[in-house]
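Chain and residue survey
Here are the chains, one letter per residue:
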Amino acid sequence: MQTEVDFLVIGSGIAGLSYALKVAQHGSVMLVTKSNADESNTKYAQGGIAAVFDAPDTYQKHVQDTLIAGDGLCKTEVVHTVVTEGSERVRELIAWGAAFDKTKDGTYDLAREGGHSEHRILHYKDVTGLEIERALLEKINAHPQIKLYTHLFAVDIITEHHLGQEINSQSENITCFGAYLLDTLTGKMQTVLARKTLMATGGAGHVYKTTTNPAIATGDGVAMVYRAKGAVNGMEFIQFHPTALYNPGQNPCFLISEAVRGFGAVLKTHNGHEFMQMYDDRKSLAPRDIVARAIDNEMKKSGIDYVYLDATHLPMNDFKVHFPNIYAKCKSLGIDVATQLIPVVPACHYMCGGITVDLNGCSTIKNLYAVGECASTGLHGANRLASNSLLEAVVFSHRAAMHAVNEFKQIGFENRVPKWNAEGTSQPNELVLITQNLNELQSLMSNYVGIVRTNQRLKRALDRLRIIYGETEALYGRTVVSQQLCELRNLITIAYLIVKQATARKVNVGLHYNSDNAIATNDAK
Ligand code: FAD
Ligand code: SIN
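1. A word on the environment of Thr159
You can see Thr159 is positioned in the loop between strand E6 (152–158) and strand E7 (178–183). When the C-alpha positions of Thr159 and Arg288 are compared, they lie 38 Å apart, and in sequence the two are 129 residues distant. Ignoring sequence-local partners within four residues, the contact set of Thr159 consists of Ile167, Ile174, Thr175, Phe177 and Ala228.

Take a look at the structure:
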């Protein structure tokens, strides 16, 4: 089956949905997503969306906080753009129907998180992402120009490679003509030709054994673009959230929002002592890289797999109003937040790098945009400031949409694209091989490429990865394509990119910490 559409959007999180709503005013939109419509990292966002709304906050302060968290590697122009355009984009979300909590006097109830010098996080209780996703999907479903398809899995983007032309390096002229999509309910492959394609496939948390990300986060977009020889950067900067709830056996991990620390909760050791003052003056509200490394160190010192978050001194009625979901989750596990400490542990949370894009979200592949967590815009540098991710997604969706609607009419459909070639493949007889390789991959990434790395561990990871890669490629070559196998392949690519880019970075900066490296001086970053 072959379809032609003006705009193909891959992903139904905040990035894909907000872009789709904008381009749909100008042409036909096919919005595809591999799971249910709302399943995305967006849905689980807790803390909120950072934006400058009221004095005493200023754009300058938000810019400064973002630059400090990014540890010298943010692109200043991008930071200025996102911060100054962000408030308007958040107002647009509100106009589209997303609700954010207000105080009794009618102003927005702005929360604070690590690395922020002001209260500037708009939120809806502790389920902000769920509310944003709800509001956007309602608009999408009501839009006559948008067709939303669930359980449609993007396998690869279509480029000159599929026309039989050889592409040698990343810098060559490459064009995206659309994508091959697998209907995971029927097993049928579709060819979709598009004038403009948006990659909005989110993160890759499942490259590690423990993550806050839902199962969809398998780095598909980054892997597809890397296979198509588009540029990808910053993959060594994987953000571990300091405070996932310690609950062995539960994966994805439940998040204890940073906003809980912003509300006054403090990190403590097993002996009940605060420890963050030994690592940073900002204590429990230091940027995430610092807090996660401090916890990692405390866990290594004690030999215990978690530390504690203490909220017992906080006004509990207010706590329940602000964090009803977190309160209820703890209660369901027998933890009374009013009287007991919450066990927490760092877990893989966010991919700061990704598909290299410019200020309009254009990737290095023509007619292909990337927005949201799968993109690397330069906003986050070496470490993302909390709650800047939803903001980045809405600002860049807008910019990419404006760029795409200006150009799409001049672009024709490529008529030489062949159907998906399934020749020589058969049904796999041992699916367990995929699961085993996935487990192995996640273990090696958690053991060797976690919060603290060493040269020897990185090398060991690369050696092991080569074996898993070889086995999986061989399986892919002879097996009928399936979501499970594609995701494994994509995660292997993500792991490879993290290890390669981590190995290449010889100074420690932001989230990248290799104990064999020197600490970065400003020149060395
Ligand atoms: P996603 O929302 O992840 O959407 C990706 C979409 O792509 C999904 O629909 C997925 O199914 C689809 N997809 C993926 N691969 C394919 C494929 N091959 N084919 C078809 N479809 C595909 N950020 C903040 O700013 N503030 C917060 O408070 C916050 N809290 C968070 C809490 C949690 C628990 C988590 C996990 C993240 C949090 N983040 C937060 C980060 C933020 O939620 C994400 O970075 C952001 O939502 C990403 O949006 P996105 O649209 O890029 O991707
Ligand atoms: C949180 O609520 O702690 C998550 C915020 C974020 O990842 O930006």
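2. Some thoughts on empty space enclosed by the protein
The final tally for this structure, using the stated rule, is two cavities of 30 Å³ or more. Considered as a void within the structure, the largest cavity measures approximately 60 Å³ in volume. In terms of lining, the largest cavity is formed by Ile238, Phe240, Asp289, Ala292, Arg293, Gly450, Ile451, Arg453 and Leu511. Listed by contribution, the elements that provide at least two residues to the lining of the largest cavity are strand E10 (238–245) and helix H8 (288–302). Sorting elements by how many residues they give to the lining of the largest cavity places H8 first, with three residues.

3. Here we look at the site of ligand 2
Around ligand 2, the structure places Gln46, Gly47, Glu113, His241, Leu255, Ser257, Glu258, Arg288, His349, Arg384, Ala386 and Ser387. The backbone of Gly47 places a nitrogen or oxygen atom 2.9 Å from an oxygen atom of ligand 2. Between Arg288 and ligand 2, the recorded distance is 3.0 Å, taken from a side-chain N or O atom to an oxygen atom. Coverage of ligand 2 by the protein chains reaches 93% of its 260 Å² of free accessible surface.

4. Some words on the site of ligand 1
Residues in close proximity to ligand 1 total 38 residues, the closest being Thr42, Gly48, Asp220, Glu373 and Ser389. A distance of 3.2 Å separates an oxygen atom of ligand 1 from a polar backbone atom of Ile14. Asn41 places a main-chain nitrogen or oxygen 2.9 Å from an oxygen atom of ligand 1. Calculation on ligand 1 without its partners gives an accessible area of 1000 Å², and the protein chains cover 98% of this total. Of all the secondary structure elements, the ones that give two or more residues to the shell around ligand 1 are helix H1 (14–23), helix H2 (41–44), E6, helix H6 (220–227), strand E13 (342–351) and helix H11 (389–407). When the residues that make up the shell around ligand 1 are grouped by side-chain class, the tally is 14 nonpolar, 19 polar and five charged.

5. A few points about H11
The first and last C-alpha atoms of H11 sit 27 Å apart over 19 residues, in line with the 27 Å expected at 1.5 Å per residue. Counted residue by residue, H11 has 15 buried out of 19 residues, so it is predominantly covered.

6. Focus on the side chain of Asn41
Positionally, Asn41 belongs in helix H2. Take Asn41: its relative accessible area is 18%, and that puts it in the buried class.

7. Quick word on the confidence of the model for the protein
Summarising the model, the protein shows a mean pLDDT of 96, and 98% of its residues fall at 70 or more. The spread of mean pLDDT over the elements of the protein runs between strand E18 (residues 518–519), the lowest at 66, and strand E15 (residues 368–370), the highest at 99.

8. So, the packing of helix H12 (residues 432–448) against helix H13 (residues 455–478)
It is at 10 Å that the axes of H12 and H13 come closest, and there the two elements cross at 165°. Accordingly, the angle class assigned to the pair H12 and H13 is roughly antiparallel. In this structure, H12 crosses over H13, and the sense of that crossing is left-handed. The segment H12 lies against H13, with Ile434, Asn437, Glu440, Leu441, Leu444, Asn447 and Tyr448 engaging Arg457, Leu458, Arg460, Ala461, Arg464, Leu465, Ile468, Glu471, Thr472 and Leu475. Classifying every residue of the contact of H12 with H13 gives nine nonpolar, three polar and five charged.

Definitions and limits used
- Residues numbered from 1 in each chain as written.
- Chains lettered and ligands numbered in written order.
- Predicted model: local features only at pLDDT ≥ 70, side-chain atom pairs only at ≥ 80, totals over all residues.
- Heavy atoms only, no water.
- Helix = DSSP H or I, 4+ residues; strand = E, 2+ residues; numbered from the N terminus.
- Contact = heavy atoms within 4.5 Å.
- 1 Å grid on protein atoms, 1.4 Å probe; cavity = no way out; pocket = protein on both sides within 12 Å on 5 of 7 lines; lining within 4 Å.
- Points joined across faces, edges and corners; volume = space filled by probe spheres on them.
- Near = heavy atom within 4 Å.
- Polar contact = N/O pair within 3.5 Å; in protein donor to acceptor, adjacent residues only side chain to side chain.
- Areas by Shrake-Rupley, 256 points an atom, 1.4 Å probe, with all protein chains shown as cover.
- Nonpolar A, V, L, I, M, F, W, Y, C, P; charged D, E, K, R; others polar.
- Expected span 1.5 Å × (residues − 1).
- Buried < 20%, exposed > 50% of the residue type's maximum accessible area, 1.4 Å probe, protein only.
- pLDDT = per-residue confidence, 0-100.
- Axes fitted to C-alpha atoms, helices over the stretch in contact; angles between N-to-C directions.
- Parallel < 35°, antiparallel > 145°, perpendicular 65-115°, else oblique.
- Left-handed = near helix turned anticlockwise from the far one by under 90°.

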